[in-house]
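Each chain, written out:
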Amino acid sequence: SQTIHQWPATLVQPVGSPLSLECTVEGTSNPNLYWYRQAAGRGLQLLFYSVGIGQISSEVPQNLSASRPQDRQFILSSKKLLLSDSGFYLCAWRTDSNNEQFFGPGTRLTVL
Amino acid sequence: SQQGEEDPQALSIQEGENATMNCSYKTSINNLQWYRQNSGRGLVHLILIRSNEREKHSGRLRVTLDTSKKSSSLLITASRAADTASYFCATPYAGNNRKLIWGLGTSLAVNP
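Throughout this description, residue numbers start from 1 for each chain and increase along the sequence as written. Each chain is given a letter, starting from A, and each ligand a number, starting from 1, according to the order in which they appear as written. The predicted origin of the model limits local features to residues at a pLDDT of at least 70 and limits the giving and counting of side-chain atom pairs to 80 or more, whereas totals for whole chains, interfaces and linings rest on all residues. Note: side-chain values were computed over all heavy atoms of the structure, leaving out hydrogens and water.

### Section: the interface of chain B and chain A
On the side of chain A, 22 residues touch chain B, which itself brings 20 residues to the contact. Values labelled buried area give the accessible surface lost by two parts on being combined, using a 1.4 Å probe and summing over both. Here chain B and chain A share an interface that buries about 1,700 Å² over both sides, 48% of which is from carbon and sulfur atoms. Salt bridge criterion: a side-chain nitrogen from Lys or Arg within 4 Å of a carboxyl oxygen from Asp or Glu. Linking chain B to chain A there are two salt bridges. The salt bridge partner of Glu59(A) is Lys99(B), with a shortest N-O separation of 2.7 Å. In this description a helix means any DSSP run of H or I spanning at least four residues, a strand means any run of E spanning at least two, and both kinds are numbered starting from the N terminus. Listed by contribution, the elements that provide at least two residues to the side of chain B that touches chain A are strand E4 (31-37), strand E5 (43-50) and strand E10 (96-102) of chain B. At six residues, the largest contribution of residues to the side of chain B that touches chain A is made by E10(B). Its residues assigned to classes, the side of chain B that touches chain A shows seven nonpolar, nine polar and four charged. The contact criterion used is simple: two residues touch if any of their non-hydrogen atoms lie within 4.5 Å. Classification used: nonpolar for Ala, Val, Leu, Ile, Met, Phe, Trp, Tyr, Cys and Pro, charged for Asp, Glu, Lys and Arg, polar for all others including Gly.

### A short note on the pairing of strand E4 (residues 32-38) of chain A
Residue and element names in this part refer to chain A. The buried count for E4 comes to seven of seven residues, which makes it a mostly enclosed element. Going residue by residue along E4, you find Asn32, Tyr34, Tyr36 and Gln38 tucked away on one face and Leu33, Trp35 and Arg37 tucked away on the opposite face as well. Here E4 runs beside strand E9 (residues 87-94); their pairing, made up of seven bridges, is antiparallel. Residue pairing in the sheet places Trp35 in a bridge with Cys91 of E9. Three exposure classes are used, based on accessible area relative to the maximum for each residue type with a 1.4 Å probe and protein chains only: buried under 20%, partly exposed in between, and exposed over 50%. A strand pair is defined by DSSP finding two or more bridges across the two strands.

### Focus on the side chain of Arg94(A)
Within the fold, Arg94(A) resides in strand E9. On the accessibility criterion, Arg94(A) (1% relative accessible area) is buried. A polar side-chain atom of Arg94(A) sits 3.3 Å from the main-chain carbonyl oxygen of Asn98(A). Engagement of the side chain of Arg94(A) in a polar contact is seen with the backbone oxygen of Asn97(B), the distance being 2.8 Å. The term polar contact refers here to a pair of N or O atoms within 3.5 Å; inside protein, the definition further demands a hydrogen-donor-capable atom paired with an acceptor-capable atom, and it admits residues adjacent in sequence only when both atoms are side-chain atoms.

### A short note on unusual backbone geometry
With the exception of glycine, the majority of residues adopt a negative phi angle, and the majority of peptide bonds are in the trans configuration. Residues and elements named next belong to chain A. At the junction of Trp7 and Pro8, the peptide bond is cis and its omega measures out at 0° in the coordinates. A positive phi angle, close to 55°, is found at Asn30, a residue other than glycine. Position of Asn30 among the secondary structure elements: in the loop between strand E3 (19-26) and E4. When its relative accessible area of 46% is taken as the criterion, Asn30 is described as partly exposed.

Next up, the structure:
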């Protein structure tokens, strides 16, 4: 069966520090991968999505970047965090033949 | 904006009562999905209804879709305290069904 891993679960980082959040998927190949951010009490904002290795679509201009070095690995990064980068980050995947998305457990990022 | 909207934003009911949440969207769609999110967790896919369907059931869930009004409703019957969560609707972007447009969600509290 397919599983999605996302870590860490929580992270507290100072302003100006770098960020690396990792997401990996097991049990499927060539998934579409997604990074979302969710502000408190709000809906999901799509940050990046990827349809294959090295293929990244950026949805909003921001302080973050994404990479897909392997088929089932999706990384969210920042060189210098801002206070406004705080939020709940969710990774998700889907197959090209199916419409539903499957989510990881999320990472709560607090930038101080 | 293509963003969907749910109403009500928050709903509080007693165990055993039915809960109805509504979702409106702006563009033509080929499907609409409902997801559930427990506090601080990832989202879980509940049900998908296609544009040629008017109603769909899954256990205690009933989803309706009215494409002429661009709206959908999610009914949870005989609610339980464990149904307490946020519920989101999502529709594919016009022209790119790899991406979903998310509503802001309805926060449901079921009181024992």
